[in-house]
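# Summary of structural features
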Amino acid sequence: MFNIFQRLRWVYLSVFAAQVVPMSAIITWRESVIGGHSSPYDVLVASVLKIDDVCYLSILTSVIIVDIGRYLVGILIEAPQDRAYKQGLSQGKEQGVAEERQRWLEYDASVRDYNRRFKDALERGEPFNEPPPQSPTT
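Before going into details, it helps to say that this report is about the structure given with it. No experiment lies behind these values; they were computed from the predicted model shown. Throughout this description, residue numbers start from 1 for each chain and increase along the sequence as written. Selection of residues for local features in this predicted model requires a pLDDT of at least 70, selection of side-chain atom pairs for listing and counting requires 80 or more, and totals for whole chains, interfaces and linings are taken over all residues. The side-chain quantities take in all heavy atoms of the structure and omit both hydrogens and water.

Let us now look at a nonpolar patch on the surface. In this scheme, patches are assembled from residues that exceed 30% relative accessible area and form no salt bridge. Like charges are connected within 9 Å, while nonpolar side chains (Val, Leu, Ile, Met, Phe, Trp, Tyr) are connected within 5 Å. To measure how exposed things are, a 1.4 Å probe is used in the Shrake-Rupley method; for residues, cover is taken only from the protein chains shown. Only one rule defines a salt bridge in this text: a Lys or Arg side-chain nitrogen within 4 Å of an Asp or Glu carboxyl oxygen. The grouping of Leu-57, Leu-60, Ile-64, Ile-68, Tyr-71, Leu-72, Val-73, Ile-75, Leu-76 and Ile-77 at the surface amounts to a nonpolar patch, some 960 Å² of accessible area in total. With respect to the element layout, Ile-77 can be found in helix H2 (residues 40–124). Every helix listed is a DSSP run of H or I at least four residues long, and every strand listed is a run of E at least two residues long, numbered separately from the N terminus.

Here's what the structure looks like:
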């Protein structure tokens, strides 16, 4: 319990308390009913002497329960999200490449059209003042 994740400290402590409190009540009840003690002080002392084992066991089981829960969350929730993210990333790259290729093909067509108009104007002897098409990178 001393070397746990800071953000999970309250989860560990909640699971620990959820185990220790009912077990302490059961041990105290059992000592008062079945233990045969004559005074409340004797019941309290006998209960405290038996509760330490429950605390050790609760520490162990709370760590196991929370770590298994973290593992299951990783498998059931985070792994599918990672796969979906990677799939979306690859699809986005493919789409970006296709869009970029389409822009360059359109630019190539506009340059060819520009050159054709330029040559036609030269053949006719007309002035050609049209600016060249801008590349997709600008």
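Moving on, there is more to tell.
To continue, consider the side chain of Ser-47. Examined against the element boundaries, Ser-47 turns out to sit in helix H2. Residues count as neighbours in contact if any of their non-hydrogen atoms are within 4.5 Å of one another. Excluding its chain neighbours within four sequence positions, the residues that come into contact with Ser-47 are Ile-27, Thr-28 and Glu-31.

With that out of the way, let us pick up the pattern of salt bridges. If charged atoms from side chains of opposite charge come close, those side chains can pair. On inspection of all chains with the given rule, the structure shows nine salt bridges. We note a salt bridge from Glu-100 to Arg-103, for which the minimum N-O separation is 2.6 Å. You can see Glu-100 and its partner Arg-103 sitting in helix H2, three residues apart, about one turn around the helix. With its nearest N and O atoms 2.3 Å apart, the salt bridge here joins Asp-113 to Arg-116. With a gap of three residues between them, Asp-113 and Arg-116 both fall in helix H2, about one helical turn apart. Given a relative accessible area of 29%, Asp-113 falls into the partly exposed group. One network of salt bridges, with partners in common, ties together Asp-113, Arg-116, Arg-117, Asp-120 and Glu-130. Residue exposure (1.4 Å probe, protein chains only): buried if accessible area is under 20% of the type maximum, exposed if over 50%, otherwise partly exposed.

The next thing to look at is the packing of aromatic side chains. We call Phe, Tyr and Trp rings a pair once their centres come within 6.5 Å, taking the six-membered ring for Trp, and we label the pair stacked below 30 degrees between planes, edge-to-face above 60, and tilted otherwise. The full count for this structure, using the stated rule, is three aromatic pairs. Here the aromatic rings of Trp-104 and Tyr-107 are separated by 5.6 Å at their centres, their planes lie at 90 degrees, and the arrangement is edge-to-face. Of this pair, Trp-104 and Tyr-107 both sit in helix H2, separated by three residues, roughly a single helical turn. For Tyr-107, a relative accessible area of 22% corresponds to the partly exposed category. Aromatic pair Phe-118 and Phe-128: ring centres 5.4 Å apart, planes at 75 degrees, arrangement edge-to-face. With a gap of ten residues between them, Phe-118 in helix H2 and Phe-128 in the segment after H2 connect regions that are remote in the sequence. Here Phe-128 falls in the partly exposed class, since its relative accessible area comes to 22%. Among the aromatic residues, those joined into a ring-pair cluster are Tyr-114, Phe-118 and Phe-128.

Now for the packing of helix H1 (residues 9–33) against H2. Where H1 contacts H2, the two axes come as close as 8 Å, and the packing angle between them is 150 degrees. Our classification of the angle between H1 and H2 gives roughly antiparallel. As H1 packs across H2, the resulting crossing turns out to be right-handed. When the residues that make up the contact of H1 with H2 are grouped by side-chain class, the tally is 16 nonpolar, eight polar and five charged. As a rule, the C-alpha atoms of each element are fitted with a line to give its axis, helices using only the stretch in contact, and angles between N-to-C directions run from 0 to 180 degrees. Angle categories: roughly parallel below 35 degrees, roughly antiparallel above 145, roughly perpendicular from 65 to 115, and oblique for all the rest. Left-handed describes a crossing whose near helix is turned anticlockwise from the far helix by less than a right angle; the clockwise case is right-handed. Following the grouping adopted for this structure description, the nonpolar residues are Ala, Val, Leu, Ile, Met, Phe, Trp, Tyr, Cys and Pro, the charged ones are Asp, Glu, Lys and Arg, and the polar ones are all others, Gly among them.

A few words now on H2. Between the first and last residue of a helix there are one fewer steps than residues, each counted as 1.5 Å, and that sum is the expected span. With 85 residues, H2 ought to run about 126 Å at 1.5 Å a step, and its terminal C-alpha atoms sit 118 Å apart, in line with that. In this analysis the local bend is the angle between axes fitted, respectively, to the seven residues ending at and the seven residues starting at the residue. The largest bend along H2 measures about 35 degrees and falls at Glu-78, with the proline Pro-80 one to four residues further on. Where H2 is concerned, the buried positions are Val-43, Ala-46, Ser-47, Ile-51, Val-54, Ser-58, Ser-62, Val-66, Tyr-114 and Ala-121. In this fold, the buried residues of H2 make contact with H1.

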